[in-house]
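# Overview (structure and organization)
What follows is the residue order along each chain.
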Amino acid sequence: MLRADSVAAGFSLLTIVTVLMSIASATVYMMPMQWMSAHEVGTATGVIIFGQQLAGVVAPVIMGYLISLFHGSYDAVFGFVILVILFGAGTALSIKGK
């Protein structure tokens with residue numbers, strides 16, 4: 001269900017996701033600069049970076065647990081990643097500008 005047909009397809013999908021993630025990341029860093037006063041931008045950027053670092057610690061733990069729970073299958077991990085991406089996209093789409 002959540003598998004690439006070949007190694008080349010897997011690398012292609014990974015490349016596409018990485019490019020899209022880079023575009024989204026730049027947008028996340030730009031938003032506080034546009035919407036906040038100068039003395040709040042540093043704090044907002046710090047909160048964003050903290051959230052990214054926290055996710056970098058928590059996500060592998062959740063993924064490892066899912067791999068163990070599903071007896072070595074990575075299908076649940078890919079499903080989890082897809083859900084997180086959809087949640088992030090939904091959150092981003094709900095943000096209203098000034």
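Quantities reported herein were computed from a predicted structural model and do not represent experimental measurements.

### Overview of the overall build of the protein
For the protein, the count of helices and strands is three helices and zero strands. Each helix and strand of the protein, placed in order from N terminus to C terminus, yields the pattern α-α-α. Its C-alpha atoms give the protein a radius of gyration of 17 Å, clearly above 13 Å, the size a compact globule of 98 residues would have. Principal-axis analysis of the C-alpha atoms gives the protein an extent of 50 × 25 × 20 Å.

### Focus: helix H2 (residues 38-69)
Between the first and last C-alpha of H2 there are 47 Å, a value that for 32 residues agrees with the 46 Å anticipated at 1.5 Å per step. Among the residues making up H2, those that are buried are Val41, Ala44, Thr45, Ile48, Leu66 and Ile67. Where H2 is buried, its residues contact helix H1 (7-35) and helix H3 (75-94). One or two residues past the end of H2 sits His71, with phi positive at roughly 55°.

### Some details on unusual backbone geometry
For His71, which is not glycine, the phi torsion reads 55° and is therefore positive. Tracing the sequence through the fold places His71 in the loop between H2 and H3. When its relative accessible area of 76% is taken as the criterion, His71 is described as exposed.

### So, a nonpolar patch on the surface
Together, Leu13, Ile16, Val19, Leu20 and Ile23 give the surface a local cluster of nonpolar side chains, amounting to about 480 Å² of exposed area. The topology assignment puts Val19 in helix H1. Residue classification places Val19 among the partly exposed positions, given a relative accessible area of 46%.

### A few points about the packing of H2 against H3
For any two helices packed against each other, one specifies the inter-axial angle together with the distance between the axes. At a minimum axis distance of 8 Å, the contact between H2 and H3 shows a crossing angle of 145°. In the crossing of H2 with H3, the sense of the turn from one axis to the other is right-handed. Side by side, H2 and H3 meet where Ile62, Met63, Leu66 and Ile67 of the first sit next to Ala76, Val77, Phe80 and Val81 of the second. Taken together, the residues of the contact of H2 with H3 sort by class into eight nonpolar, no polar and no charged.

Rules behind the numbers
Residues numbered from 1 in each chain as written. Predicted model: local features only at pLDDT ≥ 70, side-chain atom pairs only at ≥ 80, totals over all residues. Heavy atoms only, no water. Helix = DSSP H or I, 4+ residues; strand = E, 2+ residues; numbered from the N terminus. Rg over C-alpha atoms; globule rule 2.2 N^0.38 Å. Expected span 1.5 Å × (residues − 1). Buried < 20%, exposed > 50% of the residue type's maximum accessible area, 1.4 Å probe, protein only. Contact = heavy atoms within 4.5 Å. Patch = residues over 30% accessible without salt bridge, like charges linked within 9 Å, V, L, I, M, F, W, Y side chains within 5 Å. Areas by Shrake-Rupley, 256 points an atom, 1.4 Å probe, with all protein chains shown as cover. Salt bridge = Lys/Arg side-chain N within 4 Å of Asp/Glu carboxyl O. Axes fitted to C-alpha atoms, helices over the stretch in contact; angles between N-to-C directions. Left-handed = near helix turned anticlockwise from the far one by under 90°. Nonpolar A, V, L, I, M, F, W, Y, C, P; charged D, E, K, R; others polar.

Just geometry here; none of it tells us what the structure is for.
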